[in-house]
Amino acid sequence: MSITVSNVTKKFGKFTALDRVSVEVPEGALLALLGPSGSGKTTLLRVIAGLEQPDAGTVRHSDADVTQQAVKDRNFGFVFQHYALFKHMTVFENVAFGLRVRHWPNKQVTERVHELLQLVRLENMGERYPAQLSGGQRQRIALARALAPRPEVLLLDEPFGALDARVRTELRQWLRRLHNEVPVTTIFVTHDQEEAFEVADRVVVMNGGRIEQDGTPDDVFEHPANEFVMDFLGQVNVFHGRVHDGVAHVGGLEFDVPGSRVSGETKVFVRPHELDLQRYQNGVPSMAAVVRHVTPAGSVTRVLVCVADTGMELTVELSPDRSAELKLKKGDAVFVALRKVRVFEPDYTI
Ligand code: ATP
């Protein structure tokens, strides 16, 4: 393991920002801390960095306990959303900064800075000042500056948060490629699910100072541990249903929920792509509904339907092929089939 956080609690006055948090970050991993605003992501990153002292628990780096170690002795690199570059220094000097404070000889500084500028594909920008760069270029330089002294761990706090959507998307792909070239253990804070899924090989979902789930993007999306994760990761339709003897009853339909210990009244969750629409009742159990709205949205067509019996609105996502086949428009009568349903045991923690 590169970083091991064990049972860390951090309070600000009476407020508990981190509540017995444990997480392990393997060497060379790119891990995203994902959660809503105020869930404790930045606090956890700052505890790992040494910028905050935990009230309880430990932080280990490659097996050494670094909980009490000063920030400067940890050899970690940082990039923050608003961590401005030094305005009065050229790009070259910004990247060189961490090397100069470590007293690297001039020749090595020059070599390393050129190497980094090449890595972030800004080799011709060394003589510019930060004000002469775009926002995306500035963040790439911030990353080059953080990487220059060969940190053992890289900590990124919403590094692309201040940039516009298109630049953000480009930088995510760029960060992924960069990490493949230079696989430094990286922990990266974001509240954006798409960003976490696209960039990270592991996602830690946080809520209220606790970890709700820790797994690969596929794990947390396909097998959410609880209602919070299900709801937080993308859109979801929530039915009021009932479970009895391993069978979920939803809107007059029945589904097996094998292995579930849920019993009685419960919420039943279905993602938009787990619903299908049909023009005619074809033997598959379904609910009668009416199309309210059709939105072509790139790789999927989003259809809002209203269930006839209950008036409940559902969002359905169809593939382009399915959408072309159905040619739906507002007012069309349809039948909604549920391919997969999920139920969760209630969270009894107080
Ligand atoms: P965001 O995405 O909005 O940055 P976050 O998940 O990173 O949120 P944190 O910044 O870790 O959340 O904050 C967690 C909670 O701790 C918040 O409720 C915040 O107000 C509180 N908090 C953080 N730092 C301090 C501080 N120095 N003093 C008091 N409360 C703080």
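Residues numbered from 1 in each chain as written. Predicted model: local features only at pLDDT ≥ 70, side-chain atom pairs only at ≥ 80, totals over all residues. Heavy atoms only, no water.

Trainee: Quick question: what am I supposed to make of the environment of Glu195 here?
Mentor: Examined against the element boundaries, Glu195 turns out to sit in helix α6 (residues 193-199). On the basis of relative accessibility, which here comes to 0%, the residue Glu195 falls in the buried class. Each C-alpha atom, one on Glu195 and one on Leu34, is 9.3 Å from the other, the two residues being 161 residues apart in sequence. (Helix = DSSP H or I, 4+ residues; strand = E, 2+ residues; numbered from the N terminus. Buried < 20%, exposed > 50% of the residue type's maximum accessible area, 1.4 Å probe, protein only.)

Trainee: Help me understand the domain arrangement of the protein chain, please; the structure alone is not making it clear to me.
Mentor: Interfaces are frequently sized by the accessible area removed from exposure as the parts join. Under the domain assignment, the protein chain is made up of domain 1 (3-231) and domain 2 (235-349). Computed over C-alpha atoms, the centres of domain 1 and domain 2 are 38 Å apart. Of the roughly 950 Å² buried where domain 1 meets domain 2, counting both sides, 54% is carbon and sulfur surface. Linking domain 1 to domain 2 there are three residue pairs in polar contact (both at pLDDT 80 or more). Contributions of two or more residues to the side of domain 1 that touches domain 2 are made by α7 (217-222) and α8 (227-232). Looking at which element gives the most residues to the side of domain 1 that touches domain 2, the answer is α8, with four residues. (Domains from an automatic or database assignment. Buried area = accessible area lost by both parts, 1.4 Å probe. Polar contact = N/O pair within 3.5 Å; in protein donor to acceptor, adjacent residues only side chain to side chain.)

Trainee: Which parts of the structure should I look at to understand the site of the ligand?
Mentor: Surveying the vicinity of the ligand reveals the residues Phe12, Phe15, Ala17, Pro36, Ser37, Gly38, Ser39, Gly40, Lys41, Thr42 and Thr43. Separating an oxygen atom of the ligand from a side-chain N or O atom of Ser37 is a distance of 2.6 Å. Ser39 is positioned such that a nitrogen or oxygen atom in its backbone is 3.0 Å from an oxygen atom of the ligand. Considering the ligand on its own, with 630 Å² of exposed area, one finds that the protein chains cover 58% of that surface. (Near = heavy atom within 4 Å. Areas by Shrake-Rupley, 256 points an atom, 1.4 Å probe, with all protein chains shown as cover.)

Trainee: It is not clear to me how the sheet that holds strand β19 (residues 333-338) should be interpreted in this structure. Could you clarify?
Mentor: If you trace the five strands from one edge of the open sheet to the other, you get β15-β19-β16-β17-β18, paired in antiparallel fashion. The sheet terminates laterally at β15 (275-278) and β18 (313-318), the two strands that pair on one side only. Between one strand axis and the next, the sheet turns through 45 degrees on average, direction left out of account. Pairing of β15 with β19 involves four bridges; the strand directions are antiparallel. For Leu277, the partnering residue across the bridge sits in β19 and is Val336. (Pairing = 2+ DSSP bridges. Axes fitted to C-alpha atoms, helices over the stretch in contact; angles between N-to-C directions.)

Trainee: Honestly, the sheet that holds strand β1 (residues 3-12) in this entry has me stumped. Any pointers?
Mentor: Within a sheet, adjacent strands bond to each other through the backbone by hydrogen bonds, running parallel or antiparallel. What the four strands build is an open sheet, ordered β2-β1-β4-β5; its pairing is antiparallel. Across the chains shown, the open sheet's two edge strands, defined by having one partner strand only, are β2 (15-25) and β5 (64-65). Where β1 and strand β4 (residues 56-61) come together, five bridges link them in antiparallel fashion. Bridged to Thr4 within β4 is Arg60.

Trainee: Looking at this structure, how should I read the nonpolar core?
Mentor: Soluble globular proteins tend to pack their nonpolar side chains together in the buried interior. Residues Val95, Val113, Ile141, Leu175, Phe197 and Val203 are the most contacted members of the largest nonpolar core, which totals 47 residues. Ranked by residue count, the leading element in this core is helix α4 (residues 135-147), at six residues. Residues contacting Val113, with those up to four places away along its chain left out, are Phe92, Val95, Ala96 and Leu99. Ranked by size, the runner-up nonpolar core spans 28 residues in total, among them Val305, Leu318, Leu326 and Val343. (Core = buried A, V, L, I, M, F, W, Y, C linked by side-chain atoms within 4.5 Å. Contact = heavy atoms within 4.5 Å.)

Trainee: Please clarify how the side chain of Ser286 should be interpreted in this entry.
Mentor: Mapped onto the fold, Ser286 is located in the loop between β15 and β16 (287-297). Using a relative accessible area of 11% as the deciding quantity, one classes Ser286 as buried.

Trainee: Any chance you could explain the pattern of salt bridges here in plain terms?
Mentor: Think of it this way: side chains of opposite charge can pair up when their charged atoms draw near. Inspection of the entire model under this criterion finds 27 salt bridges. Salt-bridge contacts for Asp276 lead to Arg322; the nearest nitrogen and oxygen are separated by 3.1 Å. Of this pair, Asp276 sits in strand β15 while Arg322 is found in helix α9 (residues 320-326), placing the two residues 46 residues apart along the sequence. Here Asp276 falls in the buried class, since its relative accessible area comes to 14%. A single salt-bridge network, built from bridges that share partners, covers Arg168, Arg172, Asp192, Glu194, Glu195 and Glu198. (Salt bridge = Lys/Arg side-chain N within 4 Å of Asp/Glu carboxyl O.)

Trainee: It is not clear to me how the packing of aromatic side chains should be interpreted in this structure. Could you clarify?
Mentor: The tally for this structure, following the rule as stated, stands at five aromatic pairs. Arranged with centres 5.5 Å apart and planes meeting at 10 degrees, the rings of Phe228 and Phe232 form a pair that is stacked. Of this pair, Phe228 and Phe232 are both found in helix α8, four residues apart, which corresponds to roughly one turn of the helix. With a centroid separation of 5.5 Å and an interplanar angle of 65 degrees, the aromatic rings of Phe269 and Phe344 are classed as edge-to-face. A residue pair is termed long-range when its members are at least 10 positions apart, and Phe269 in strand β14 (residues 264-270) and Phe344 in the segment after β19 qualify at 75 residues. Relative accessible area serves as the criterion here: at 3%, Phe269 is assigned to the buried category. Just above the ring of Trp174 sits the side chain of Arg140; from NZ or CZ to the centre is 5.8 Å. In this arrangement the basic side chain of Arg145 is found over the ring face of Phe86, its NZ or CZ atom lying 4.8 Å from the centre. (Phe/Tyr/Trp six-rings, centres within 6.5 Å; stacked < 30°, edge-to-face > 60°. Lys NZ or Arg CZ within 6 Å of the ring centre and 35° of its normal.)

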